[in-house]
Amino acid sequence: EVQLVQSGGDIKKPGESLKISCKGFGYNFATYWIGWVRQRPGKGLEWMGIIYGGDSDTRYGPSFEGHVTISVDKSNNTAYLQWSSLEASDTAIYYCSRRLTGNYFDFWGRGTRVTVST
Amino acid sequence: EIVLTQSPDFQSVTPNEKVSITCRASQNIGSNLHWYQQKPEQSPKLLIKFASHSVSGVPPRFSGSRSGTDFTLIIDGLEVEDAAVYYCHQTSNFPHSFGQGTKLEI
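Residues numbered from 1 in each chain as written. Chains lettered and ligands numbered in written order. Predicted model: local features only at pLDDT ≥ 70, side-chain atom pairs only at ≥ 80, totals over all residues. Heavy atoms only, no water.

Novice: Describe the environment of S43 of chain B, with residues and values.
Specialist: Mapped onto the secondary structure, S43 of chain B falls in the loop between β4 (33-38) and β5 (45-49). Beyond its immediate stretch of four places on either side in the chain, S43 of chain B contacts Y95, W108, G109 and R110 of chain A together with Q37 and Q38 of chain B. Among the polar contacts listed, one links the side chain of S43 of chain B to the backbone oxygen of G109 of chain A, at a separation of 2.6 Å. (Helix = DSSP H or I, 4+ residues; strand = E, 2+ residues; numbered from the N terminus. Contact = heavy atoms within 4.5 Å. Polar contact = N/O pair within 3.5 Å; in protein donor to acceptor, adjacent residues only side chain to side chain.)

Structure representation (structure tokens):
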């Protein structure tokens, strides 16, 4: 059974760092991309970026490049999304999703809720 | 960067109605356009792939079409459980992008 298991929610202060994870089960992790999607409270879906499990090829959305880092640990079938300095505007639910090359997001994690507040 | 513009942003509808949601791409994306449904407190769910192709497990009342850079999601025979936000998503070129969403209230 395919699963994308995301790490638990977190509450952080502005300026703090954070790394959240997405672990794949039940499929060949190295042949899929893992994408990250942001959803701010009451807002729509925003495409943040994507990484290929096989060779770590990474692409970012223009609004996110330089603010977040996407990485992968192929040996552990896990993708990561990290911030070095959080802002209040990073408060959101973050979803990971998998994609075959040339295809759509076919399977989604349940989301990780991140709250940034003083 | 390819921009997807959905219309309408919000629609109040009644059961059994036929509903159309449109998504216009800012440039040619071929048929690399997919539709998702998101209900409150849930992850998005794939409804239609590659503009008009059905997805296993999705009721047949959901269908999609394409005319150039205009894409349409059609729900024929709306049911109460279809109350949700619907998003289009392009995977033609990086960076990929989503439309702003259309909320259906039933």
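Once you've had a look at it, read on.
Novice: Kindly report on unusual backbone geometry, identifying the contributing residues and their values.
Specialist: All names here are of chain B. For the bond running from S7 to P8, omega is -5 degrees, close enough to zero to count as cis. Looking at the element boundaries, P8 is found in the loop between β1 (4-7) and β2 (10-12). With omega at -5 degrees, the peptide bond leading from F94 into P95 counts as cis. Within the secondary structure layout, P95 lies in the loop between β9 (84-90) and β10 (97-98). In this model, N16 sits at a positive phi of 75 degrees, which is unusual for a non-glycine residue. Within the secondary structure, N16 sits in the loop between β2 and β3 (18-25). A positive phi angle, close to 75 degrees, is found at A51, a residue other than glycine. With respect to the helices, strands and loops of the structure, A51 is situated in the loop between β5 and β6 (53-54).

Novice: Could you give an account of the sheet that holds strand β1 (residues 3-6) of chain A, with specific residues and numbers?
Specialist: Residue and element names in this part refer to chain A. One open sheet accounts for four strands, arranged β1-β3-β8-β7; its pairing is antiparallel. Here the strands that pair on one side only, and so sit at the sheet edges, are β1 and β7 (69-73). In this sheet, neighbouring strand axes are inclined to one another by 20 degrees on average, regardless of whether the strands run parallel or antiparallel. As paired strands, β7 and strand β8 (residues 78-83) are joined by five bridges and run antiparallel to one another. The partner of I70 across the bridge, within β8, is L81. (Pairing = 2+ DSSP bridges. Axes fitted to C-alpha atoms, helices over the stretch in contact; angles between N-to-C directions.)

So yeah, pure geometry; function would need other evidence.
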